[in-house]
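Chain by chain, the residues run as shown.
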Amino acid sequence: MEKDRVMKEITPKDQDYSQWYLDVVLKAELADYGPVKGCMVIRPYGYAIWENMQADMDRRIKETGHVNAYFPLLIPKSFLEKEKQHVEGFSPECAWVTIGGGEELPEPLAIRPTSEAMICSMYAKWVNSWRDLPILINQWANVLRWEKVTRPFLRTTEFLWQEGHTLHETEAEAEEETLKMLHVYRSFSEETLAMPVLFGRKTESEKFAGALRTYSIEALMGDGKALQAGTSHNLGQHFAKAYGIEFLGRSQERLMPWSTSWGTSTRMLGGLIMSHGDDSGLILPPKVAPHQVVIVPIPPRKGDVNEAVLPKCREVQAALRGTGIRVHVDARDTQLPGFKYANWEMRGVPVRMEIGPKDLEKDQCVLVRRDTREKAFVPLAGVAAAVRERLDAMQRELLERARKYVADNTRRASSYDQFKQIMSERRGLIVAGWCGEADCEAKIKEETRATIRVIPIVGEPVSGACVRCGKPSPTEVYFAQAY
Ligand SMILES: [Zn+2]
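Attention in this report is confined to the structure presented alongside it.

Description of the sheet that holds strand 6 (residues 103–111)
Then, in step 1: Read across the open sheet, the three strands follow the order 4-6-5; overall the sheet is antiparallel. In the strand order of this sheet, the two ends are held by strand 4 (74–76) and strand 5 (95–100), each with one partner. With direction set aside, neighbouring strand axes in the sheet form an average angle of 45 degrees.
Then, in step 2: Alignment of strand 5 against strand 6, held across five bridges, turns out to be antiparallel. In the strand pairing of strand 6, W96 is matched with A110.

Put into structure tokens, the structure is as follows:
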């Protein structure tokens, strides 16, 4: 059967998780490999998902008072070098333009790996007084980081993202902004992508190059590895100092502003795939699915589908569209319904609607949910409400299911032997004490490949002993192997 042929193209998850992921990306036509290693092509179906994610994130960024702008792709070397830690952190990943118009350039230009250097240089021109603050700007752009090991969406040399860059009068305001955006990311991830996240502060060794403090959201993937899905940095006054940003304060004194930056990228799309997909392929949360419903017309035994069934499908499509549901009619006459079912299932469409001649006689259709495969005969009158109900339930239940997975795969390790055993056998998240020393953190990474994903920032700290060295631990932290 054609259905089997489509299914067999996806490697089962428990056979080879990373091959399953690549199969889904390629077969569902989300992305393809470009000619330069690590530079992927985002295909129309993948891009449509990204556009839905982007629109939702953009709304949240604007609702919290930010505006969008666009800054140049090329950054002069001397600009990048102004913040020492920042350039040390990013120079191994930088790609440089050294020739332009056939001539060697007087100064190499970096293709932006991130835009602090560019944007802070401009802020130095724009900010003069406390009245100019805060500056709350976001940019949607591509960035380039030379990566050795790449995987579509999860780690690519070029990727799409948003990067917010803000300036504030006081340290407290900058910290408030940093945490505000962390919570915007968390809400987006959970409400829109149905992807539950841990959130908290990064350790010194995991923080952003040049930051005072970095916070992140972390999602747990189906193979027990964590994915850092968004970061928010309190940059302190490091960048203001490096780029010479000063303002005249309320008492006429020269002051330096406090800055933040925060970003999420196409990496989140990789997280989305791994959070919900199954052995049949993608499962898309309704809020970001390009088609929330696909209508498959079933041809009659005799006669033409176009005459008998298709007009009704179009009618239902218009009715659903009228209520704001994204709906596609798969009117291809080159494929049989069975192929279409498997194909849209693989591409993660939340609800499939089947309409055939027998259904028309009874004024009904068949609705099938992608995640539960629950099938129901539904009267065509009022079908929009029945579809909406399923979309809402699916959005909610995907999050619940993912939350349960995180809970089931979060363990407490009381000894280092137990820690090592969990990491080598089942992975997942481990809650354990840590002494706070970078050296101990590095040893744990070396010995178990697990890193500290976040230090919790809510709730009372649970003190105890470091899981590895036994020294006092001021608070428990979350460990996992990570993408
Ligand atoms: Zn320790």
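After that view, the rundown keeps rolling.
Details of the sheet that holds strand 14 (residues 258–265)
Then, in step 1: Taken together, the seven strands give an open sheet; going across it, the order is 3-7-8-14-11-10-9, and neighbouring strands pair in mixed fashion. Edge positions in the sheet fall to strand 3 (67–68) and strand 9 (198–201), since each of these pairs with one other strand and no more.
Then, in step 2: One ladder, built from eight bridges, connects strand 8 (residues 158–168) with strand 14; its direction is antiparallel. In the strand pairing of strand 14, G164 is matched with W262.
Then, in step 3: Contacting strand 3, strand 7 (135–144), strand 8 and strand 14, helix 3 (residues 44–63) runs over the sheet at an angle of about 160 degrees to strand 7.

With respect to the side chain of T448
Then, in step 1: One can find T448 in helix 16 (residues 438–448).
Then, in step 2: Side-chain polar atoms of T448 contact the backbone oxygen of I444, separated by 2.7 Å.
Then, in step 3: In contact with T448, other than residues within four places in its own chain, are Y416, F419, K420, M423 and Q481.

Focus on the packing of aromatic side chains
Then, in step 1: Taken as a whole, this structure holds 10 aromatic pairs when the rule is applied.
Then, in step 2: Both rings, one in W50 and one in W140, keep their centres 6.1 Å apart while their planes meet at 75 degrees; by these two values the pair is edge-to-face. Taken together, the residues span a long stretch of sequence, with W50 in helix 3 and W140 in strand 7 at a distance of 90 residues. No difference in accessibility class separates W50 from W140, as the two residues are buried.
Then, in step 3: Between Y185 and W262, the aromatic rings sit 6.5 Å apart at their centres with planes inclined by 70 degrees, giving edge-to-face as the arrangement. Of the two residues, Y185 is situated in helix 7 (residues 171–192) and W262 in strand 14; the sequence distance between them amounts to 77 residues. For the residue pair Y185 and W262, the accessibility class agrees, reading buried in each case.
Then, in step 4: In textbook terms, an aromatic cluster arises when at least three aromatic residues are bridged by ring pairs, as seen for F71, Y123 and W126.

Some details on the coordination of the zinc ion
Then, in step 1: Donor atoms from the polypeptide that bind the zinc ion are C435 (SG), C440 (SG), C466 (SG) and C469 (SG), placed at 2.3 Å.
Then, in step 2: One can describe the donor arrangement at the zinc ion as tetrahedral, given that its four donor atoms subtend angles of 102 to 116 degrees at the metal.
Then, in step 3: Counting gaps between the donor residues of the zinc ion yields the pattern C-x4-C-x25-C-x2-C.

A word on the pattern of salt bridges
Then, in step 1: Per the stated rule, a full pass over the model turns up 33 salt bridges.
Then, in step 2: A salt bridge links K27 to E9; the shortest N-O distance between them is 4.0 Å. Placement of the pair is K27 in helix 2 (residues 17–27) and E9 in the loop between helix 1 (2–8) and helix 2, with a sequence separation of 18 residues.
Then, in step 3: Residue class for K27 comes out partly exposed when judged on its relative accessible area of 35%.
Then, in step 4: Its salt-bridge partner being R453, residue E218 comes within 2.9 Å of it at the nearest N-O pair.

Things to note about the packing of helix 3 against helix 7
Then, in step 1: It is the contact of helix 3 with helix 7, at a shortest axis distance of 10 Å, that shows an interaxial angle of 145 degrees. Crossing geometry of helix 3 relative to helix 7 is assigned as right-handed. Contacts between helix 3 and helix 7 involve M53, D56, M57, R60 and I61 on the former and, on the latter, M181, V184, Y185, S187, F188, E191 and T192.
Then, in step 2: Here the contact of helix 3 with helix 7 is composed, by residue class, of seven nonpolar, two polar and three charged.

Quick notes on the environment of E158
Then, in step 1: Structurally, E158 can be placed in strand 8.
Then, in step 2: Overall, the relative accessible area of 31% leaves E158 in the partly exposed class.
Then, in step 3: Spatially, the C-alpha atoms of E158 and R352 are 35 Å apart, while their sequence positions differ by 194 residues.
Then, in step 4: Leave out the neighbours within four places in its chain, and E158 touches G38, C39, N142, V143 and L144.

Overview of the packing of helix 3 against helix 9 (residues 267–276)
Then, in step 1: Relative to each other, helix 3 and helix 9 sit at 105 degrees, their axes nearing to 11 Å. Overall, the two elements helix 3 and helix 9 adopt an arrangement that is roughly perpendicular. For the pair formed by helix 3 and helix 9, the contact residues are G46, I49, W50 and M53 on the first element and M268, L269 and L272 on the second.
Then, in step 2: The residue makeup of the contact of helix 3 with helix 9, split by class, is six nonpolar, one polar and no charged.

Looking at the environment of S275
Then, in step 1: Positionally, S275 belongs in helix 9.
Then, in step 2: Residues within four places of S275 in sequence aside, it is in contact with M195 and M221.

A short note on unusual backbone geometry
Then, in step 1: The linkage connecting L133 with the following residue, P134, adopts the cis geometry, with an omega of -5 degrees.
Then, in step 2: Relative to the helices and strands, P134 resides in the loop between helix 6 (116–126) and strand 7.
Then, in step 3: In this structure, F153 takes a positive phi of about 70 degrees despite not being glycine.
Then, in step 4: Of note, F153 is situated in the loop between strand 7 and strand 8.
Then, in step 5: In this structure F153 comes out as buried when scored by relative accessible area, which is 1%.
Then, in step 6: At A194, a residue that is not glycine, the phi angle is positive and equals roughly 55 degrees.
Then, in step 7: Of note, A194 is situated in the loop between helix 7 and strand 9.

About the thresholds
Residues numbered from 1 in each chain as written. Predicted model: local features only at pLDDT ≥ 70, side-chain atom pairs only at ≥ 80, totals over all residues. Heavy atoms only, no water. Pairing = 2+ DSSP bridges. Helix = DSSP H or I, 4+ residues; strand = E, 2+ residues; numbered from the N terminus. Axes fitted to C-alpha atoms, helices over the stretch in contact; angles between N-to-C directions. Contact = heavy atoms within 4.5 Å. Polar contact = N/O pair within 3.5 Å; in protein donor to acceptor, adjacent residues only side chain to side chain. Phe/Tyr/Trp six-rings, centres within 6.5 Å; stacked < 30°, edge-to-face > 60°. Buried < 20%, exposed > 50% of the residue type's maximum accessible area, 1.4 Å probe, protein only. Donors = N, O, S within 2.8 Å, 3.2 Å for Na, K, Ca; no water. Tetrahedral: all angles 85-135°; square planar, octahedral: opposite > 155°, others 65-115°. Salt bridge = Lys/Arg side-chain N within 4 Å of Asp/Glu carboxyl O. Left-handed = near helix turned anticlockwise from the far one by under 90°. Nonpolar A, V, L, I, M, F, W, Y, C, P; charged D, E, K, R; others polar. Parallel < 35°, antiparallel > 145°, perpendicular 65-115°, else oblique.

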